[in-house]
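Here is how the chains run, residue by residue.
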Amino acid sequence: MKYETQKVALPFFAVAMALFALQICFGLMAATVYVMPEFLSEAMPFHIMRMSHTNLLLVWLLIGFFGATYYLLPEEAETDLHSPTMAYIQLAIFAGAGAAALIGYQFGIHGGRHYLEQPVYVKILLTISFLMFLYNNTRTVMKGRRTSVSIVLLLGLWLAAIFWMFAFYEPDNLAQDKLWWWWIVHVWVEGVWELIMASILAYLLIKMTGVDREIIEKWLYVIVGLVLFSGLLGTGHHYYWLGTPGYWQPIGNIFSSMEVIPFFAMVMFAFYMFWKGSREHPNKAAMLWTLGCAVVSFFGAGVWGFMHTLSWINYYTHGTQITAAHGHLAFFGAYAMLNMAIITYAMPQIRRIQPYNQIMNMWSFWIMVGGMCFMTFTLTFAGVVQTHMQRVLGEDFMTVQGQLDLFFIMRLGSGSVVALGVILFLIAVFGPAREQLPAHVKGSGGNGSSQ
Amino acid sequence: MSEGLTRNAARNIFYGGSTIFFLIFAGLTIHTHIYMSTTSTNSEELDEAVIAGKEVWEEHSCINCHTIMGEGAYFGPELSNVWHRYGGRENPEAARAGIKGWMKAQPIEAPGRRQMPQFNLNEQELDHLVDFFKWVDGIDTHDWPPHKSG
Ligand code: HEM
Ligand SMILES: [Fe+2]
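Since the model is a prediction, treat every value here as computed from it, not as a measurement.

Conventions and cut-offs
Residue numbers run consecutively from 1 along every chain, following the written order of its sequence. Chains carry letters from A onward and ligands carry numbers from 1 onward, assigned in written order. Given that the model is predicted, a residue must reach a pLDDT of at least 70 before its local features are reported, and side-chain atom pairs must reach 80 or more before they are shown or counted; all residues, however, enter totals for whole chains, interfaces and linings. The side-chain values count all of the structure's non-hydrogen atoms but skip hydrogen atoms and water molecules. Two aromatic rings, drawn from Phe, Tyr or Trp (for Trp, its six-membered ring), form a pair once their centres lie within 6.5 Å of each other, and the interplanar angle then sorts them: stacked below 30 degrees, edge-to-face above 60, tilted otherwise. In this description a helix means any DSSP run of H or I spanning at least four residues, a strand means any run of E spanning at least two, and both kinds are numbered starting from the N terminus. The classification of residues rests on relative accessible area computed with a 1.4 Å probe and restricted to protein chains. Under 20% of the type maximum is buried, over 50% is exposed, and intermediate values are partly exposed. Here, two residues are considered to be in contact whenever any of their heavy atoms come within 4.5 Å of each other. Buried area: the accessible surface (1.4 Å probe) lost by two parts on joining, summed over both. What counts as a salt bridge is simple: a side-chain nitrogen of Lys or Arg found within 4 Å of a carboxyl oxygen of Asp or Glu. Two N or O atoms count as a polar contact when they lie within 3.5 Å, although within protein this holds only if one can serve as hydrogen donor and the other as acceptor, and sequence-adjacent residues are included solely when both atoms are side-chain atoms. Here the coordinating atoms are restricted to nitrogen, oxygen and sulfur within 2.8 Å of the metal centre, or 3.2 Å for Na, K and Ca, and because water is not among them the sites may look incomplete. One heavy atom within 4 Å of a molecule or strand makes the whole residue count as near it. Lys, Arg, Asp and Glu make up the charged group, whereas Ala, Val, Leu, Ile, Met, Phe, Trp, Tyr, Cys and Pro make up the nonpolar group; the residues left over, Gly among them, are polar. Tetrahedral means four donors with every angle between 85 and 135 degrees, whereas square planar (four donors) and octahedral (six donors) require angles over 155 degrees between opposite donors and between 65 and 115 for all others; sites fitting neither are termed irregular. An expected span of 1.5 Å times one less than the residue number is assigned to each helix.

Using the criterion set out here, one finds 53 aromatic pairs over all chains in the structure. Judged by centre distance (5.0 Å) and plane angle (80°), the ring pair of Phe66(A) and Phe94(A) falls under edge-to-face. You can see Phe66(A) sitting in helix H2 (residues 46-77) and its partner Phe94(A) sitting in helix H3 (residues 84-106), a full 28 residues away along the chain. Note on accessibility: Phe66(A) and Phe94(A) belong to one class, buried. Relative to Phe14(B), the ring of Tyr221(A) has its centre 6.0 Å away and its plane inclined at 45°; by these criteria the two rings are tilted. Separated into two different chains, Tyr221(A) in helix H7 (residues 213-234) and Phe14(B) in helix H1 (residues 7-40) make up a pair that spans both. For the pair Tyr221(A) and Phe14(B), one class covers both residues: buried. The structure contains a cluster of three or more aromatic residues connected by ring pairs, namely Phe65(A), Trp164(A), Phe168(A), Trp188(A), Trp193(A), Phe331(A) and Tyr335(A).

Okay, structure coming up:
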């Protein structure tokens, strides 16, 4: 850590991780309802748990991106952050608005479009906070060195804020409502958020592998180009059955299939740089999360996305447990793991100690990833059975759900494993540090306790 | 990756290409928006009652248990064709009574069955909701869902 103001990232990371833990709690509760339908059915009906679960996800991911930006921008720009005070205020507004929304949900105060349930005043507060964030960081970059990493990162964040504006547009016509709803949801996760992802990965690879910046930044532009060339028109895969013209079927088929390419390119990119790199970075756990993020997002978003993206398949799988399987692994692999990669990388520097608790951190990696993969498999099997019985044979929804109990039990089990991984991660990152030095720092004698 | 490609060339391709793809995407979305008004949905029948029904739908966040046109949560059945499932295309009166009766009967406390809450909607709200479902059933979805079961 070269600049004092990079420290601003710490409260962002802490709040993000606290909300992550809370998100998992609501997820476990919702998964329990699938297994024991009477669970809390009076006190907290399923829809409240679900909106709390998804909203916490989005809010903590964004707060994590904010933290990542505050951490890496001063280093990229080679100057201190424009205004730390503004950063703290911005966090307070964002987290406060999120908390207000969450509490309101428990009392039935919410909107009715999924992921965008926040009351209007909360949406306005989130927007104000987001703009403060953008202003602060844009000022930082403007007074310092401009690198491709910081430009692409800021572009992704600015575009995320701009597309967020569609959250305020709610046409009365349900078809049109859904049409523009995807301009936020799809364009975020399969468009502008991937700019954020690629640039943070590029930063981590520059720092940890020591590969020449020029090469990494060229890759970065190629990847984000592939993202937007495929991802914008790839929105067509949501426009098959919404009262849309038929041309979205060929467009969606072609372009959304190509969305796999940038995810694959990110895997190639990460491993190529990892092998090419000369530097033996002591933070092995951060490298693991970085490579893992590229790989799991490729499977979750790329492979599991492609599985149901072709219109003649989507006709049968649309809105089944297949969608749930994909949504979970894609969000986790791409954006949750990205946050854990940058947090694992940054925390030792913020705490000004050598990388610490690496074994526990890597255990948390394998436990969390293992749990998420198992969950994805169970939901996929559930989805295949559901698709066949309900969409091919035409059986009644509730009858079919009755056949899926075993999968839902296993989903709850795998969710509990994920929760264990999260607890370990929190302890490893925020708990007392046991220094574990790599071989070349310690002198001879193997990699010590970090292997 | 081609050695010939420089970083600046990659950057220019990114900006230029993205702008073009964005413009195509925006153009097609706007065309689709118009197509929905003129062709694929019954805009003339999108009256106060249907809009009020959509508000009832949103106020209670039905979408966080059910899907509508395949989007939402996967806890309860698809509802874009619930009007059709209740036989509304043949017998609208019976379908209306049936859907309202369902809403009033919740929660069905059958042991081991997923529960739907009682939302205590009044007669007018229930009618609006049914009007909304009826309107949604009229959207041309290229024959999705594949079966009446949703
Ligand atoms: C990190 C990137 C991605 C994330 C976070 C993500 C997440 C999601 C989520 C949460 C949904 C459900 C939306 C809803 O509530 O209706 C969804 C739907 C979908 N995603 Fe992705 N996705 C990603 C990338 C992809 C990619 C690359 C593809 C295609 C290759 C894809 C294909 C689809 C399709 C076809 C659906 C609609 C499923 C249906 O018809 O029910 N996704 N995605
Ligand atoms: Fe998508």
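This next bit is on the interface of chain A and chain B. Counting residues at the interface gives 85 residues for chain A, matched by 73 residues for chain B. Summed over both partners, the interface of chain A with chain B buries about 6700 Å², with 66% contributed by carbon and sulfur atoms. Connecting chain A to chain B are 4 salt bridges. Salt-bridge contacts for Lys54(B) lead to Asp177(A); the nearest nitrogen and oxygen are separated by 2.7 Å. Joining chain A to chain B, the criterion identifies 35 residue pairs in polar contact (both at pLDDT 80 or more).

Moving on, we come to the coordination of the iron atom of ligand 1. Residues and elements named next belong to chain A. Looking at the iron atom of ligand 1, one finds just one donor atom contributed by the protein, His326 (NE2), at 2.0 Å. For the pair the iron atom of ligand 1 and the iron ion (ligand 2), the metal-to-metal distance amounts to 4.2 Å. When you line up the elements, histidine 326 lands in helix H12 (residues 321-350).

On to the site of ligand 1, then. Residues in contact with ligand 1 amount to 26 residues; listed here are only the nearest, Tyr115(A), His318(A), Gly319(A), Thr323(A) and His326(A). Looking at the residues close to ligand 1, they fall on chains A and B. One of the side-chain N or O atoms of His114(A) is found 3.1 Å from an oxygen atom in ligand 1. Note that an oxygen atom of ligand 1 is positioned 2.8 Å from one of the side-chain N or O atoms of Asn314(A). Secondary-structure elements contributing two or more residues to the shell around ligand 1 are helix H6 (174-209), helix H10 (284-307) and H12 of chain A. Among the elements that make up the shell around ligand 1, the one with the highest residue count is H12(A) (7 residues). Classifying every residue of the shell around ligand 1 gives 11 nonpolar, 13 polar and 2 charged.

Residues and elements named next belong to chain B. On the secondary structure map, alanine 26 appears in helix H1. A residue is classified by how much of its surface remains accessible, and alanine 26, at 13% relative accessible area, is buried. C-alpha separation for the pair alanine 26 and asparagine 120, spaced 94 residues apart in sequence, amounts to 42 Å.

This paragraph deals with the environment of Phe397(A). Among the structural elements, Phe397(A) can be located in helix H14 (residues 397-402). Every residue in contact with Phe397(A), bar those within four places of it in the chain, is listed here: Gln386(A), Gln390(A), Tyr74(B), Phe75(B), Gly76(B), Pro77(B) and Arg114(B).

Residue and element names in this part refer to chain A. Taken together, His186 (ND1), Glu190 (OE), His237 (NE2) and His238 (NE2) make up the full set of protein donors to the iron ion (ligand 2), lying 2.1 to 2.2 Å away. Taken together, the 4 donor atoms coordinating the iron ion (ligand 2) and their angles of 84 to 146° define a geometry best described as irregular. Here the donor residues of the iron ion (ligand 2) are spaced in sequence according to H-x3-E-x46-H-H.

Residue and element names in this part refer to chain A. With 32 residues, H2 should cover 46 Å at 1.5 Å per step; its first-to-last C-alpha distance of 46 Å lies within 8% of that length. Summarising burial for H2: 32 of the 32 residues are buried, a large majority. Among the residues trailing H2, glutamate 78 stands out with phi positive, at a value near 55°.

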